[in-house]
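Results of the structural survey
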Amino acid sequence: MDKILLLAHTQDDGSLPKGAYESLNAVLKLAADLGGAAVTVGLLGGDIQSAADSLAGCGAVSILAVSGEDFATSRYSSDTVAVEALVKEAAPTLVLAPTSSRFSRCLPGAAYRCDGRIETHITGIEVVDGKVQVQRWYYRQRMVATLSREQRPWFLVIDPGVFEPWQGAAGSVDLQTLEVAVDDGCRRTRVIGVQTPDSDAQTIRPDAKLLFVAGAGWTKKQADGQLHIKQAEGLILDFINNSKASLGSSKSLVDQSSEGEVISFMSHLNQVGQTGSTPRHSKGLATCCHGEEPHTVGWRFISERRAISLDPNCGWAQGKADVLYVADAFEVIAKANELLAK
Ligand SMILES: Cc1cc2nc3c(=O)[nH]c(=O)nc-3n(C[C@H](O)[C@H](O)[C@H](O)COP(=O)(O)OP(=O)(O)OC[C@H]3O[C@@H](n4cnc5c(N)ncnc54)[C@H](O)[C@@H]3O)c2cc1C
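First, a word on scope: everything that follows refers to the structure included in this document. (Residues numbered from 1 in each chain as written. Predicted model: local features only at pLDDT ≥ 70, side-chain atom pairs only at ≥ 80, totals over all residues. Heavy atoms only, no water.)

This part covers the nonpolar core. Within the largest apolar cluster, 35 residues are counted, with the highest numbers of intra-cluster contacts made by Ile-4, Leu-43, Leu-55, Leu-96 and Ile-125. Going through the elements one at a time, strand 1 (3–9), helix 1 (18–33), strand 2 (38–45), helix 2 (49–53), strand 3 (62–67), strand 4 (94–98), strand 7 (131–138) and strand 9 (154–158) are the ones with two or more residues in this core. For this core, the element with the most residues is helix 1, which contributes seven residues. Ignoring anything within four residues of it in the chain, the contact list for Ile-4 reads Val-27, Leu-30, Ala-31, Leu-34, Ala-37, Ala-38, Val-39, Thr-40, Pro-92, Leu-94 and Leu-96. By size, the runner-up hydrophobic cluster in this structure holds 26 residues, among which are Phe-71, Leu-86, Ala-110 and Ala-111. (Core = buried A, V, L, I, M, F, W, Y, C linked by side-chain atoms within 4.5 Å. Buried < 20%, exposed > 50% of the residue type's maximum accessible area, 1.4 Å probe, protein only. Helix = DSSP H or I, 4+ residues; strand = E, 2+ residues; numbered from the N terminus. Contact = heavy atoms within 4.5 Å.)

Written out as structure tokens, the structure reads:
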């Protein structure tokens, strides 16, 4: 009979990230599909009692913990020994965990220490004839593969946004805390601070409900024959900040950085499409963008698509958007910002 271990780590404030609850739902569904596999939760972090309490109603057999100052922040050396200890204690056949920079760094090494195998970027899990099969995409999301393995434990690292987050009752949990020794070699790496961009400069927000895409049209001559790039910058930034949307771009717009005046806060990291990213948001709004195939292929996982373009024959009109507003995006976004500000 399979045994499943869900791994999760806390965030700075002691809470669990959304991905942990999404992975918990994946674990519970998988356990049911396997005919009632036993589920154990393994938590990692500084102080994890409140995170554990939030999972009280999930039906896990036990909640294991490796906690304390040595495990408060991400560090490969201490995280791998912690995960190894959790896996040895739970003795699972399957280990599921949400994708995070912390787990992406330590789980491959931990899987090796446990003589297991690991798959990352999992986008689907099913049980066929009693056998677990997983899905992941290759070659920039163009080919999907279904995989299975004999080796156990099998580590599966789940992409965000694939499963709904688990929502269940919180309560009071008796943690089973594991003592994990961390020697001075492990402590050689210390986190002395975190540098992040200002929240205003941080325009890529994977958890946002809305993806706002800016296209090259924002930097083209407008009806009056003039460029309005500073105005475009202001409209886009106001919209992003007021709506808390994530900012995407077409390739043509980000490529302009070598050609003089451009949208200053846009970089290649914002690019969506065949040679860019394939983000997952429930809604998307494209503006001043033509909707060509190499761009819209990056919209594969956006459920509801809308676009604003002056061109009634653009790619969006040809079946790639649910709604196309044939309108001037400068005017529409100015009006939207006015409404959002209220
Ligand atoms: C191998 C390959 C890979 C590629 N990979 C990618 C990729 O990953 N991502 C990507 O985006 N592209 C990619 N491309 C490029 C892609 O084919 C298009 O050239 C690009 O997406 C066009 O960008 P755009 O729509 O912003 O610009 P444009 O084609 O210049 O379109 C601008 C649009 O803005 C509209 N507009 C102008 N002013 C306004 C206004 N005031 N209000 C409303 N609308 C207005 C115009 O009508 C026009 O439709 C790739 C191409 C190739 C060959």
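A few words now on the packing of helix 5 (residues 229–243) against helix 8 (residues 329–341). At their nearest, the axes of helix 5 and helix 8 sit 9 Å apart, and the two run at 40 degrees to each other. In terms of crossing hand, the pair formed by helix 5 and helix 8 is left-handed. Between helix 5 and helix 8, the residues in contact are Gln-231, Ala-232, Leu-235, Asp-238, Phe-239, Asn-242 and Ser-243 and Phe-330, Ile-333, Ala-334, Ala-336, Asn-337, Leu-340 and Ala-341, respectively. Classifying every residue of the contact of helix 5 with helix 8 by side-chain character gives nine nonpolar, four polar and one charged. (Axes fitted to C-alpha atoms, helices over the stretch in contact; angles between N-to-C directions. Left-handed = near helix turned anticlockwise from the far one by under 90°. Nonpolar A, V, L, I, M, F, W, Y, C, P; charged D, E, K, R; others polar.)

With that settled, consider the pairing of strand 13 (residues 283–287). Burial of strand 13 is extensive: four of the five residues sit out of reach of the surface. Note that strand 13 and strand 14 (residues 304–309) share five bridges and pair parallel. Along strand 14, the bridge assignment pairs Ala-286 with Ala-307. (Pairing = 2+ DSSP bridges.)

This brings us to the packing of aromatic side chains. In total, this model carries four aromatic pairs according to the counting rule given. A centroid spacing of 5.6 Å and a plane angle of 80 degrees characterise the contact between Trp-137 and Phe-301, whose relative ring orientation is edge-to-face. Of this pair, Trp-137 sits in strand 7 while Phe-301 sits in the loop between helix 7 (293–296) and strand 14, and the two are 164 residues apart along the sequence. Seen in terms of ring centroids, Trp-218 and Phe-330 are 4.8 Å apart; in terms of plane orientation they differ by 55 degrees. Their pairing is tilted. One end of the pair, Trp-218, is in the loop between strand 11 (210–214) and helix 5; the other, Phe-330, is in helix 8, with 112 residues separating them in the sequence. With a relative accessible area of 0%, Trp-218 lands in the buried category. A cation over an aromatic ring shows up here: Arg-136 above the ring of Tyr-138, its NZ or CZ 4.5 Å from the ring centre. (Phe/Tyr/Trp six-rings, centres within 6.5 Å; stacked < 30°, edge-to-face > 60°. Lys NZ or Arg CZ within 6 Å of the ring centre and 35° of its normal.)

With 16 residues, helix 1 should reach 22 Å at 1.5 Å per residue; the first-to-last C-alpha distance of 23 Å fits that figure. Along helix 1, the residues classified as buried are Gly-19, Ala-20, Tyr-21, Glu-22, Ser-23, Leu-24, Ala-26, Val-27, Leu-30 and Ala-31. For helix 1, the secondary structure elements touched by its buried residues are strand 1, strand 2, strand 4, strand 6 (124–128), strand 7 and strand 9. Of the residues one or two after helix 1, Gly-35 is the one with positive phi, at around 85 degrees. (Expected span 1.5 Å × (residues − 1).)

Residue pairs spaced three or four apart in an α-helix point in one direction, given the helix's 3.6 residues per turn. The terminal C-alpha atoms of helix 8 lie 18 Å apart, and with 13 residues this matches the ideal 18 Å at 1.5 Å per residue to within 8%. For helix 8, the set of buried residues is Ala-329, Phe-330, Ile-333 and Asn-337. An end-on view of helix 8 places all buried positions within 95 degrees of arc, on one side of the element. Opposite the buried face of helix 8, by more than 90 degrees, sit the exposed residues Glu-331 and Leu-339. On its buried side, helix 8 packs onto strand 11, helix 5, strand 13 and strand 14. Capping the start of helix 8, Asp-328 holds a side-chain oxygen 2.8 Å from the backbone nitrogen of Phe-330, two or three residues further along. (Arc of directions from axis to C-beta. Polar contact = N/O pair within 3.5 Å; in protein donor to acceptor, adjacent residues only side chain to side chain.)

Put simply, helix 3 (residues 76–90) and helix 4 (residues 101–113) touch, their axes get as near as 8 Å, and they point 55 degrees apart. Viewed along their axes, helix 3 and helix 4 adopt a mutual orientation that is oblique. Considering only the axes of helix 3 and helix 4, their crossing is right-handed. Contact residues: Tyr-76, Asp-79, Thr-80, Val-81, Val-83, Glu-84 and Lys-88 in helix 3; Arg-102, Arg-105, Cys-106, Leu-107, Gly-109, Ala-110 and Arg-113 in helix 4. (Parallel < 35°, antiparallel > 145°, perpendicular 65-115°, else oblique.)

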